[in-house]
There are 2 protein chains.
Amino acid sequence: MSVERSKAARNRPTIHDVAAAAGVSRGTVSRALNGGRNVSPAALQAVLKAVRTTGYVANPAARSLVTQRAHSVAFVLTEPQQRLFEDPNFSILLQGCTQELAELDVPVLLMTASTEVERKRTSRFIAAGHVDGVLLVSSHTGNPLLEELRDSGIPVVACGKPIGHERQVAYAAADDRSGARLMVEHLRSRGRRRIATITGPPDTPGGVERLAGYRDVLGPEATQDLIAHGDYSRAGGEAAMATLLARAPDLDAVFVASDLMAAGALNVLHDSGRRVPQDVAVGGFDDSSIATSTRPALTTVRQPFQRITREMVRLLLEQIQGEPPAASILPTELVVRAST
Amino acid sequence: MSVERSKAARNRPTIHDVAAAAGVSRGTVSRALNGGRNVSPAALQAVLKAVRTTGYVANPAARSLVTQRAHSVAFVLTEPQQRLFEDPNFSILLQGCTQELAELDVPVLLMTASTEVERKRTSRFIAAGHVDGVLLVSSHTGNPLLEELRDSGIPVVACGKPIGHERQVAYAAADDRSGARLMVEHLRSRGRRRIATITGPPDTPGGVERLAGYRDVLGPEATQDLIAHGDYSRAGGEAAMATLLARAPDLDAVFVASDLMAAGALNVLHDSGRRVPQDVAVGGFDDSSIATSTRPALTTVRQPFQRITREMVRLLLEQIQGEPPAASILPTELVVRAST
DNA sequence: ACAACTACTGTGCACGTTCACAGCGCGGTT
DNA sequence: AACCGCGCTGTGAACGTGCACAGTAGTTGT
């Protein structure tokens, strides 16, 4: 009597309550709910009905405790936080991964590791077993977090090639190099002859590979005065464009390694009195939402973000299942708009 | 013997291992780690040292199971996903909340509830007890999720006044109405006499309150032809601006209820051959990163996002502690740039 | 007819932690 | 001298679930 009273007092129904309501045992309820193997149709129906009437939902903590799985995943961003809301790429990746995983009922924990303090915290947090795997968005190489994670043995998937760890950690990345080639070839086909470039930081895969693609096409034409480095920020794009104009006022095209930097470059070109695309053609990279919001709209190289997030999730789940880390390189596509 | 063997096989140290290493009992270790009350200095030192040598981190699932707390919080977005990466506001809120909570070692689960399916999933997920509270970013009123959450009894804090539930759910919001007044008064002080407005959707607090502030200042001057509704998207801002120009070609200022829409409006004004601010002054709202990236840069009303996120977190933690829901209205500030 | 197999079901244990309780020695008050 | 309170400690629950195992009934094969 008092036992039943205390049970009724607890508001959240447990698997016991469902079992009692369905007239079966805990084990049968558990089996019915996880796969439903070796369960009679009658029992299955009874359990399902009992679940409905009691409003039962499994306690995730109890489940995690016994399965030794957190059933969740972390999305870790090592870039300065500024970039999360300045550059839509990160939001798209975050959104894509979240959505992809939500369909599998896997929640995503968002963590940043921009500062030393945050990195420590994130590292400790992940080591505590809060998550089964990590989606790591960290373009800059040499971040200690990657090695810490690798050493802790937790499954990791990087977004973009993790320079120096290509063989040891899984990653999904767009084919930056051939994407850059597509763009530069397109600029040449438009009759441009003095094609400059604004690169990403030299310690990022995008910074290296897209520049390599540019050089592939231009060969010796790619002189040093036509190459300026940016930091993937709008302000960085502006500064780099100003530098290029000072060094090579006769340039007639510029391939910018990200749409956000390209938007900055457009502003500077506008201020210098040059018309786009008549005087200078501008090509971006990403095909983020920025590309269609500039005037003129940007010709750019589309990164297949949806495929990238899908692959990241797949590669992570594979590793959680015990498979070794793998990599996935995805093709890019030229999107021609008004700026070239 | 075999017992010790199996213990050694488990890679993650438990509280038992720490207790053994420190020469004390589980209870003492637990007490030493949670507050350290009623623990002798000697025992405390021994435990701390044992934690260091074993590399112990508490198992969150086990802890949650017994404390009946998830020790985590959900950030739920009900807007169409598009907006997460088009409008920087959401990223800022997300980032702010995450950061604020990270300092308290509370992870943030990111969930979307844009579609019916997602809403069901999110609802069930939260009902399962995965989180202790919900940070709800949902501008549109009438979303069933809010009521579902309220009924389930889980602590909720809304961002922006939850129309129709002001008394029942906690919220943090900027003072939209007086912010709008600031801007319209500023436009008048610049000598503008035909001041139009592009509002947010009428079922959002921002849509209602900012329009009210506009009317407060203009009174009968606020004729219907000067008011157009937008949907907080860039495209919506463009469409609304085009409508206004058709209806009132003589307008000399427009107050736009969000920076993103204002950016769209600027484009349309530019295309129509009008100069900003000489022919038409444009005022935005938010002071998001967009405001400084337009040409000309936007005069806007700054929302104190950092204070908003701080208040959201505070209000949520309060409720988790058992306090009743409260509200927090935060002051806005006029930021004058080149567009007025 | 008996054994072997199949399909299904119930029970005990373990996961790792916190909390309530009881026990212990020790100094101070009645 | 007996008692009480205090600071500290160890121990036995309990949280709710999944899994291994044993057991039952019914069916098939020799």
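These numbers were taken from a predicted model, which means no experiment stands behind them. (Residues numbered from 1 in each chain as written. Chains lettered and ligands numbered in written order. Predicted model: local features only at pLDDT ≥ 70, side-chain atom pairs only at ≥ 80, totals over all residues.)

Engineer: For this particular structure, what's the right way to read the sheet that holds strand β8 (residues 253–256) of chain A?
Structural biologist: In a beta sheet, neighbouring strands pair by backbone hydrogen bonds and run either parallel or antiparallel. All names here are of chain A. Taken in spatial order, the 4 strands of this open sheet run β7-β6-β8-β9, and their pairing is parallel. Every interior strand has two partners, whereas the edge strands, β7 (227–229) and β9 (281–283), have only one. Adjacent strand axes in the sheet meet at a mean angle of 15°, parallel and antiparallel pairs treated alike. Sheet strands touched by helix α10 (residues 176–189): β6 (195–199), β8 and β9. Its angle to β8, the strand with the most contacts, is close to 170°. Across the face of the sheet, helix α11 (residues 205–218) comes into contact with β6 and β8 while running at roughly 170° to β6. (Pairing = 2+ DSSP bridges. Helix = DSSP H or I, 4+ residues; strand = E, 2+ residues; numbered from the N terminus. Axes fitted to C-alpha atoms, helices over the stretch in contact; angles between N-to-C directions. Contact = placed C-beta atoms within 7 Å.)

Engineer: Which parts of the structure should I look at to understand the confidence of the model for chain A?
Structural biologist: Detailed reading of predicted coordinates is not advised where the pLDDT is low. The predicted model of chain A has a mean per-residue pLDDT of 92, with 97% of residues at 70 or higher. Note that residues 1–10 of chain A has pLDDT below 50 and, in this model, 0 contacts with residues that lie over four places away or in other chains. (pLDDT = per-residue confidence, 0-100.)

Engineer: Any chance you could explain the packing of helix α7 (residues 88–102) of chain A against helix α14 (residues 305–320) of chain A here in plain terms?
Structural biologist: Geometrically, a packed helix pair is captured by the angle between its two axes and the distance between the axes. All names here are of chain A. At a minimum axis separation of 9 Å, α7 and α14 run at an interaxial angle of 50°. On the basis of their axis angle, the class for α7 and α14 is oblique. The two elements α7 and α14 cross, and the hand of that crossing is right-handed. In this structure, α7 uses Ile-92, Leu-93, Gly-96, Cys-97, Glu-100 and Leu-101 to contact α14, whose residues at the interface are Phe-305, Gln-306, Thr-309, Arg-310, Met-312 and Val-313. Of the residues in the contact of α7 with α14, the class split is 7 nonpolar, 3 polar and 2 charged. (Parallel < 35°, antiparallel > 145°, perpendicular 65-115°, else oblique. Left-handed = near helix turned anticlockwise from the far one by under 90°. Nonpolar A, V, L, I, M, F, W, Y, C, P; charged D, E, K, R; others polar.)

Engineer: Whenever I open this one, the protein's contact with DNA strand D confuses me. Can you help?
Structural biologist: Around DNA strand D, the surrounding shell holds 26 residues, and the nearest of these are A:Thr14, A:Ile15, B:Ser25, B:Gly27 and B:Ala43. When contributions to the surface near DNA strand D are tallied by element, the ones reaching two or more residues are α3 (26–33) and α5 (60–67) of chain A together with α3 (26–33) and α5 (60–67) of chain B. If one sorts the elements of the surface near DNA strand D by residue count, α5(A) sits on top with 5 residues. Residues belonging to the surface near DNA strand D are distributed by class as follows: 10 nonpolar, 11 polar and 5 charged. (Near = placed C-beta within 6 Å.)

Engineer: Is there a simple way to think about the sheet that holds strand β4 (residues 156–159) of chain A in this case?
Structural biologist: Strand order in the open sheet made by the 12 strands is β11(A)-β5(A)-β4(A)-β3(A)-β1(A)-β2(A)-β2(B)-β1(B)-β3(B)-β4(B)-β5(B)-β11(B), with mixed pairing throughout. One side of each edge strand has no neighbouring strand; the edge strands of this open sheet are β11 (327–330) of chain A together with β11 (327–330) of chain B. Mean inter-strand twist for the sheet, computed between neighbouring axes without regard to direction, equals 20°. With 3 bridges connecting them, strand β4 (residues 156–159) of chain B and strand β5 (residues 170–174) of chain B associate as parallel partners. Among the inter-strand pairings, B:Val157 is bridged to a residue of β5(B), identified as B:Ala170.

Engineer: For this particular structure, what's the right way to read the relation of the copies chain A and chain B?
Structural biologist: Here two copies of a chain appear, and what relates them is a rotation about an axis with a shift along it. In the superposition of chain A on chain B (RMSD 0.3 Å, axial shift 0.1 Å), the rotation amounts to 180°. Both copies are brought into coincidence by an operation consistent with a two-fold rotation axis. Looking at the interface residues of chain A, 100% of them are also at the interface in chain B, so both copies use one shared face. (Least-squares fit on C-alpha atoms with pLDDT ≥ 70 in both.)

Engineer: Can you help me understand the pairing of β4(B) in this one?
Structural biologist: Residues and elements named next belong to chain B. By the alternation rule, side chains of β4 split into Val-156 and Ala-158 and Val-157 and Cys-159, which are all buried. Where strand β3 (residues 133–137) lies against β4, 3 bridges are found, and the strand directions are parallel. Looking across to β4, one finds that Leu-136 is bridged to Ala-158. The parallel pair β3 and β4 is bridged by helix α9 (residues 144–152), and the resulting crossover is right-handed. (Buried ≥ 20, exposed ≤ 12 C-beta atoms within 10 Å, placed from the backbone. Right-handed = clockwise from strand over helix to strand, strands pointing away.)

Engineer: Please explain the protein's contact with DNA strand C as it appears in this structure.
Structural biologist: Neighbouring residues of DNA strand C: 26 residues in total, closest A:Ser25, A:Gly27, A:Ala43, B:Ile15 and B:Ser30. Those elements giving two or more residues to the surface near DNA strand C turn out to be α3 and α5 of chain A together with α3 and α5 of chain B. The element contributing the most residues to the surface near DNA strand C is α5(B), with 5 residues. Considered class by class, the residues forming the surface near DNA strand C number 10 nonpolar, 11 polar and 5 charged.

Engineer: Where do I start with the pairing of strand β8 (residues 253–256) of chain B in this structure?
Structural biologist: Looking down a regular strand, the side chains alternate between one sheet face and the other. Residues and elements named next belong to chain B. Of the two faces of β8, the one carrying Ala-253 and Phe-255 and the one carrying Val-254 and Val-256 are both buried. Bridge analysis of strand β6 (residues 195–199) against β8 gives 4 bridges, and the strand direction is parallel. Bridge assignment links Ile-198 to a residue of β8, and that residue is Val-256. The β-α-β motif built from β8, the intervening helix α13 (residues 259–271) and the parallel element strand β9 (residues 281–283) has right-handed crossover chirality.

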